[in-house]
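# Residue-level structural notes
Given next are the chains, with one letter for each unit.
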Amino acid sequence: MGFTIGGIRDIRSGIRRRGRTADRLALAELSGRWGWDVVPGARATTHGCSCGAYGCTAPGAHPLDRGRRVTGGTGAEQAARAWAPYGGAAMMLPVGLAFDILDVAERAGRRALVRLERMGLPLGPVAVTPEGRAQFFVAPGSARALPGLLYRMGWDDADLDLRGLGPGTYITAPPSDRSGLGPVRWLRSPGGVTAARPPEARLLLGTLAYVTHRTPAYA
């Protein structure tokens, strides 16, 4: 059976509706349920970045200059109305307000997460990016404290692929596409009190540093 032009339009319209519904559900989760601020982000395009800036150094991986922030705790309907002008935009989370990020290679992050769960330590959400990074949500202020914590733990002179992200940075929230490479995904989904109050970095850092140090970038 062939498709008519009208049928193709119906299919495309259905896909767009499903996409909008998925965006609304994700936005309601991020802002309303978990209490995180959400800002619209640029999308990667065949010509670079939807921001239109020539030579953009982070195509599809930065907030829109004039994007309106949806503040944490906003109700689902109000959030959907605020987001309506940014259909198709990536959902980005400002770091340093409700959480900081410990960023490691995905391979090391997966191994560390298994160890941390076995130890029964409190854990916040963990996201993985299509670039191959694992992002552990930790308490605000962790990025600033990271050098001192590594020093006290004896890891300050080690060559670690581990960095802290704090105020002034943004991460792309699942399930948004990042840099045109594919979606960001949850390795450990938000849940319970640790979504709103993620753990102190010191509780995770020893394991993260050890596993990062022992895990080769390529194997």
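Here's what I pulled together on the structure shown here.

What counts, and where the lines are drawn
- Residues numbered from 1 in each chain as written.
- Predicted model: local features only at pLDDT ≥ 70, side-chain atom pairs only at ≥ 80, totals over all residues.
- Heavy atoms only, no water.
- Salt bridge = Lys/Arg side-chain N within 4 Å of Asp/Glu carboxyl O.
- Helix = DSSP H or I, 4+ residues; strand = E, 2+ residues; numbered from the N terminus.
- Buried < 20%, exposed > 50% of the residue type's maximum accessible area, 1.4 Å probe, protein only.
- Pairing = 2+ DSSP bridges.
- Axes fitted to C-alpha atoms, helices over the stretch in contact; angles between N-to-C directions.
- Arc of directions from axis to C-beta.
- Contact = heavy atoms within 4.5 Å.

### Points about the pattern of salt bridges
Under the defined criterion, the tally for this structure stands at nine salt bridges. Taking the shortest distance from any N to any O, the salt bridge between Asp103 and Arg133 comes out at 2.7 Å. Here the residue Asp103 occupies a position in strand β5 (residues 100–105), and Arg133 occupies one in strand β7 (residues 133–138), the gap between them amounting to 30 residues. As a salt-bridge pair, Arg188 and Glu117 come within 3.8 Å of each other at their nearest N and O atoms. Of this pair, Arg188 sits in strand β10 (residues 185–188) while Glu117 sits in helix α3 (residues 106–119); the two residues are 71 residues apart in sequence, bridging distant segments of the chain. Here Arg188 falls in the partly exposed class, since its relative accessible area comes to 26%. Through salt bridges with shared partners, one network takes in Asp103, Arg133, Asp161 and Arg163.

### As for the sheet that holds strand β1 (residues 39–41)
Taken in spatial order, the three strands make up an open sheet running β1-β4-β9, and their pairing is antiparallel. In this open sheet, the two strands that pair with only one neighbour each are β1 and β9 (170–172). Strand-to-strand twist of the sheet, defined as the mean angle between neighbouring strand axes without regard to direction, takes the value 45 degrees. Both β1 and strand β4 (residues 90–94) contribute to a ladder of three bridges, which runs antiparallel. Considered in β4, the bridge of Pro40 is made with Met91.

### What about helix α4 (residues 142–153)?
Taken together, the buried positions of α4 are Ser142, Ala143, Leu146, Leu149 and Leu150. For α4, the buried positions fall inside an angular range of 100 degrees around the axis, keeping them on one side. The outward face of α4, more than 90 degrees from its buried face, is lined by the exposed residues Arg144, Pro147, Tyr151 and Arg152. On its buried face, α4 sits against β5, β7, β8 (162–165) and α6 (202–214). The first or second residue beyond α4 is Gly154, which carries a positive phi of 85 degrees.

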